[in-house]
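# Results of the structural survey
Letter by letter, the chains look like this.
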Protein chains: 2
Amino acid sequence: MNIILASTSTLYGGNYLEYLKDEISSLFKGIDEIIFIPYARPGGISHEEYTAKAATFFATLNIQVKGLHEFTQPEIALNEAKAYFTGGGNTFLLVKTLHELGLMNVLRDNVLGGKPYLGCSAGSNIGGLNMKTTNDMPIVYPPSFNCMGLVPFNINPHYLDPQPEIKHNGETRETRILEFLTQNQTKVIGLREGNWIRVKGNTISVEGTELTRVFENGQLPYEITPGTQLV
Amino acid sequence: MNIILASTSTLYGGNYLEYLKDEISSLFKGIDEIIFIPYARPGGISHEEYTAKAATFFATLNIQVKGLHEFTQPEIALNEAKAYFTGGGNTFLLVKTLHELGLMNVLRDNVLGGKPYLGCSAGSNIGGLNMKTTNDMPIVYPPSFNCMGLVPFNINPHYLDPQPEIKHNGETRETRILEFLTQNQTKVIGLREGNWIRVKGNTISVEGTELTRVFENGQLPYEITPGTQLV
């Protein structure tokens, strides 16, 4: 397998995918065209505009981008594609759309078969076992929370440390993930912005500039450094 | 109807339900016993401990509290109760439990019939049309997102204004609710901490100390003052 699951597409003050350029270049080495999956985007920009944004970045790597929404038979498009990029947005909308179109398992089988996959944010959530550790608002009701399970754990993208200066009683991210663990046995990788999961063959590691916070049943949360192997 | 749907149980630096004491006293006037619904709580404290916490507050109003989890036939307990309080926690867990036990509609029918209802946070979300504007993490998969519809709109509790000082690319609360509106026609009341919805008979108003932000299709979000009637 050959996969990047990134916390975010854009670092604070940076440009779209800029901080990941070298890693993306390595992921898609020898590939001249990818399919972009824009389904997570509920508004603000259209699927066409979102695909154009991705295409602008990938042009700097001499890679062409086609949006999956352009195809009348998206299952065939996925099976014939060379590689994939799923952009961020709302995970509920992304998962609902992929399940309703019957594409979640098609995409998974192609990626498990070795085709490169890049996900950011919601696109990374769907690489986990299920979407139960997304931060997104449940604006639509998906037929299932199950995802591709490209990695044997769940991801919490945009992992955010407690902000004690905010006088607000909403739960911290850590509290939410610990509540997930009261109902599930699944390990959760709290992926801070600047970090990503890298899968190469049978090796899964966490990469980037920040520490990564790991949550498991029966253990206190702990931090791992960039380069640490996860499985 | 006679209902309070509060953003939060506890203000920053305050004690549990303290800021709502006068309004709760008015809501439950003449009532000496209520049922507490603790199902939203996924961990941290047990249903027994959570009920005891509520009971400690209500003792100051000479109101006894029984936890719904204590009853082997919760449907009968709801039908025989005089009034209700649903505490906060995780809305997905609360809604899943109420649907699986067949209690969502039982509770709704009793409240529509005039029995007083107090909700905080997750307990307020279930007073809306559905739970699609909760802030909570989807740690479990409910059979439906539909809620009681005690009011003809959705609630976003713990409404939080953008925090531009945080260098983080997660969506703001406003962005999330506007994304909800791309997929739904339902009005959303962004209820800041310190505010609550008050239903008395056919009158619905927003009360408390803060402005309230309202989101509707085809309009820019706008603010209303405490005391404004919503319907």
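Residues numbered from 1 in each chain as written. Chains lettered and ligands numbered in written order. Predicted model: local features only at pLDDT ≥ 70, side-chain atom pairs only at ≥ 80, totals over all residues. Heavy atoms only, no water.

In the nomenclature of an unreviewed UniProt entry, chain A is known as Dipeptidase PepE of Pedobacter montanisoli.

### Here we look at the pairing of strand β2 (residues 33-37) of chain A
Residues and elements named next belong to chain A. For β2, the tally of buried residues reaches four of five residues, placing the bulk of the element in the interior. One ladder, built from four bridges, connects β2 with strand β3 (residues 64-67); its direction is parallel. By the bridge assignment for β3, Ile-35 is matched with Lys-66. The parallel pair β2 and β3 is bridged by helix α2 (residues 47-59), and the resulting crossover is right-handed. With three bridges joining them, β2 and strand β4 (residues 84-86) adopt parallel strand pairing. The residue bridging Ile-35 from the neighbouring strand is Tyr-84, located in β4. (Buried < 20%, exposed > 50% of the residue type's maximum accessible area, 1.4 Å probe, protein only. Helix = DSSP H or I, 4+ residues; strand = E, 2+ residues; numbered from the N terminus. Pairing = 2+ DSSP bridges. Right-handed = clockwise from strand over helix to strand, strands pointing away.)

### Considerations on the relation of the copies chain A and chain B
Of the transformation superimposing chain A on chain B, the axial component is 0.0 Å and the angular component is 180 degrees, with the fit at an RMSD of 0.0 Å. The superposition operator between the copies reduces to a two-fold rotation axis. By residue overlap, the copies meet face to face through one surface: 100% of the interface positions of chain A are interface positions in chain B. (Least-squares fit on C-alpha atoms with pLDDT ≥ 70 in both. Contact = heavy atoms within 4.5 Å.)

### Quick word on the interface of chain A and chain B
Listed per partner, the contact involves 45 residues of chain A and 45 residues of chain B. Between chain A and chain B lies a buried interface of about 3,700 Å² when both sides are counted; carbon and sulfur atoms form 58% of it. Remark: the boundary between chain A and chain B carries two salt bridges. A salt bridge links A:Asp136 to B:Arg176, with the nearest nitrogen and oxygen atoms 3.9 Å apart. On the surface where chain A and chain B come into contact, there are 13 residue pairs in polar contact (both at pLDDT 80 or more). (Buried area = accessible area lost by both parts, 1.4 Å probe. Salt bridge = Lys/Arg side-chain N within 4 Å of Asp/Glu carboxyl O. Polar contact = N/O pair within 3.5 Å; in protein donor to acceptor, adjacent residues only side chain to side chain.)

### Let's talk about the nonpolar core
The nonpolar side chains of a soluble globular protein tend to be buried with one another. By size, the foremost hydrophobic cluster in this structure holds 100 residues, and its most contacted members are A:Tyr117, A:Ile197, B:Tyr117, B:Ile126 and B:Ile197. Ignoring anything within four residues of it in the chain, the contact list for A:Ile197 reads A:Ile3, A:Ile4, A:Leu5, A:Val151, A:Phe153, A:Ile155, A:Ile189, A:Leu191, A:Ile204, A:Ser205 and A:Leu230. (Core = buried A, V, L, I, M, F, W, Y, C linked by side-chain atoms within 4.5 Å.)

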